[in-house]
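# Overview (structure and organization)
Listed below, chain by chain, are the residues.
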2 protein chains.
Amino acid sequence: MATTTAAQKRAQAKADYDAFLAQCPSRKLLDRIADKWVTLVLSALGSDGSHRFGADCAGEPRPMRYSELSRLLAGVSQKMLTQTLRSLERDGLITRTVTPTVPVTVTYELTGLGLSLHDTVRALKAWAETHMDDVLANRETYDNHAE
Amino acid sequence: MATTTAAQKRAQAKADYDAFLAQCPSRKLLDRIADKWVTLVLSALGSDGSHRFGADCAGEPRPMRYSELSRLLAGVSQKMLTQTLRSLERDGLITRTVTPTVPVTVTYELTGLGLSLHDTVRALKAWAETHMDDVLANRETYDNHAE
DNA sequence: GGGGGTAGCTTCCTGATGGGAAGTGGGCAC
DNA sequence: GTGCCCACTTCCCATCAGGAAGCTACCCCC
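Not measured: the values here are computed from a predicted model.

### Things to note about the overall build of chain A
The helix and strand tally for chain A stands at six helices and three strands. Seen in sequence order, chain A has helices and strands lined up from the N terminus as α-α-α-β-α-α-β-β-α. Burial status across chain A gives 40% buried among its 147 residues. Considering only intrachain contacts with a sequence separation of at least 6, the fraction spanning at least 24 residues in chain A is 44%. Only carbon and sulfur atoms are counted for the fraction: they give 55% of the accessible area of chain A, which is about 7,900 Å².

### Examining the environment of B:E60
Residues and elements named next belong to chain B. Among the secondary structure elements, E60 is positioned in the loop between α3 (36-46) and β1 (64-65). Under the relative-accessibility criterion, E60 is labelled exposed at 62%. Here the alpha-carbon distance between E60 and S47, two residues 13 residues apart in the chain, equals 5.0 Å.

### Let's talk about the interface of chain B and chain A
In this complex, chain B contributes 50 residues to the contact, which on the side of chain A involves 50 residues. Of the roughly 4,900 Å² buried between chain B and chain A, counting both surfaces, carbon and sulfur atoms make up 67%. On the chain B side of the contact with chain A, B:R90, B:L124 and B:W127 bury the most area, a combined 15% of that side's loss. At the boundary of chain B with chain A, the tally comes to six salt bridges. Our enumeration of links across chain B and chain A arrives at 13 residue pairs in polar contact (both at pLDDT 80 or more).

### Some words on the protein's contact with DNA strand D
What surrounds DNA strand D is a group of 24 residues, the closest being A:K79, A:M80, B:Q78, B:R96 and B:Y108. Of everything in DNA strand D that lies within 4 Å of the protein, sugar and phosphate atoms constitute 72%. At 2.6 Å from a base oxygen of DNA strand D is found a side-chain nitrogen or oxygen belonging to A:K79. B:R96 is positioned with one of its side-chain polar atoms (N or O) 2.4 Å from a phosphate oxygen of DNA strand D. Those elements that place two or more of their residues in the surface near DNA strand D are α1 (5-23) and α5 (78-90) of chain A together with α4 (66-72), α5 (78-90) and β3 (105-110) of chain B. Residues of the surface near DNA strand D, tallied by class, amount to nine nonpolar, eight polar and seven charged.

### Brief notes about the sheet that holds strand β2 (residues 94-99) of chain B
Residue and element names in this part refer to chain B. Taken in spatial order, the three strands line up as β1-β3-β2 in an open sheet, and their pairing is antiparallel. The sheet is open, and its two borders are formed by β1 and β2, each paired with just one other strand. Relative to β3, β2 runs antiparallel, the two sharing six bridges. Pairing of R96 across the sheet is with Y108, part of β3. Helix-sheet contacts for α5 involve β2 and β3, and the interaxial angle to β2 is about 115°.

### Concerning the side chain of B:R139
Mapping B:R139 onto the fold places it in helix α6 (residues 112-145). If we skip the residues at most four places from it in the chain, B:R139 touches A:L29, A:R32, A:R90 and A:D91.

### A word on the relation of the copies chain B and chain A
The transformation that overlays chain B on chain A combines an axial shift of 0.0 Å with a rotation of 180°, and the residual RMSD is 0.0 Å. Here the two chains are linked by the operation of a two-fold rotation axis. When the interface residues of chain B are mapped onto chain A, 100% of them are again interface residues, pointing to one common binding face.

### What to know about the protein's contact with DNA strand C
Close to DNA strand C lie 24 residues, the nearest being A:Q78, A:R96, A:Y108, B:K79 and B:M80. A:V104 is positioned such that a nitrogen or oxygen atom in its backbone is 3.2 Å from a sugar or linking oxygen of DNA strand C. For the surface near DNA strand C, a count of residues per class yields nine nonpolar, eight polar and seven charged.

Conventions adopted
- Residues numbered from 1 in each chain as written.
- Chains lettered and ligands numbered in written order.
- Predicted model: local features only at pLDDT ≥ 70, side-chain atom pairs only at ≥ 80, totals over all residues.
- Heavy atoms only, no water.
- Helix = DSSP H or I, 4+ residues; strand = E, 2+ residues; numbered from the N terminus.
- Buried < 20%, exposed > 50% of the residue type's maximum accessible area, 1.4 Å probe, protein only.
- Contact = heavy atoms within 4.5 Å.
- Areas by Shrake-Rupley, 256 points an atom, 1.4 Å probe, with all protein chains shown as cover.
- Buried area = accessible area lost by both parts, 1.4 Å probe.
- Salt bridge = Lys/Arg side-chain N within 4 Å of Asp/Glu carboxyl O.
- Polar contact = N/O pair within 3.5 Å; in protein donor to acceptor, adjacent residues only side chain to side chain.
- Near = heavy atom within 4 Å.
- Nonpolar A, V, L, I, M, F, W, Y, C, P; charged D, E, K, R; others polar.
- Pairing = 2+ DSSP bridges.
- Axes fitted to C-alpha atoms, helices over the stretch in contact; angles between N-to-C directions.
- Least-squares fit on C-alpha atoms with pLDDT ≥ 70 in both.

See the structure below:
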């Protein structure tokens, strides 16, 4: 009781945190969708992926194949792509369709729910594209100031 | 040339990726803002943090202290909070103000740029709160189906 | 009929990364 | 002076993401 006032407070905070999460699952969901690959996958599936992210690239939603997504989201590892797609499917944001052609074709498509999220994700992407120059300028200023 | 067709394609994809990122920094920025702590910090600074995430909690933006943020974003480690705040400051989304009271007081506040991002982040949070039940239902269905 | 090729994963290993907890500095209350 | 508070910073370790290779199921070509 003598030396642990701050530590005790932290322990208490952690206990509160667990209780908080339990009664506030929307926070968990926010954690989930605020993920780089999630936003990129939704973004890709939502706009038609006419290669290159720049400009608008806002064609309209259409189903895409695994390999197509892999190409479009240059840099995603197969593991993370699979993982992200699975979790999005589980959450009901996309559907996974296996067509027994040869070789097997797997397509992913936004559901209505996924489409509604896509709208806000697109806003996020639009923000990034619009304000990128500002951010870059700010970074330069900051870095120069701090030497 | 005989056995590496697929591997070569992957190597090529990686090279493309680097070139892609170099000429498309908005993608990098999107990666950055699509981060769980970033969204939560913006969310906290944007709405007045009248404790509890639920409902709207959409008071209006106001400066907050480090310890206040720490309390509000229950579960954030001090390290990540500091790190996130620094990067947001560097990007010009928030300002950091040190007031030499005693003990020293540090406040963080959204800039105009940060405020504009906050609007879309709020939309994301609103989506999470609105559609959480749907997502939860979908998960249950999915889990039951797959045993 | 078997060697090679393709799509879509899955597994293994390793390096990066996030969390926990303890330490720091400066000033003031006791 | 002893010790505490705020806002960090540092160290250590558990977890996690990425890279590469393997795997399965099928077909084509010779």
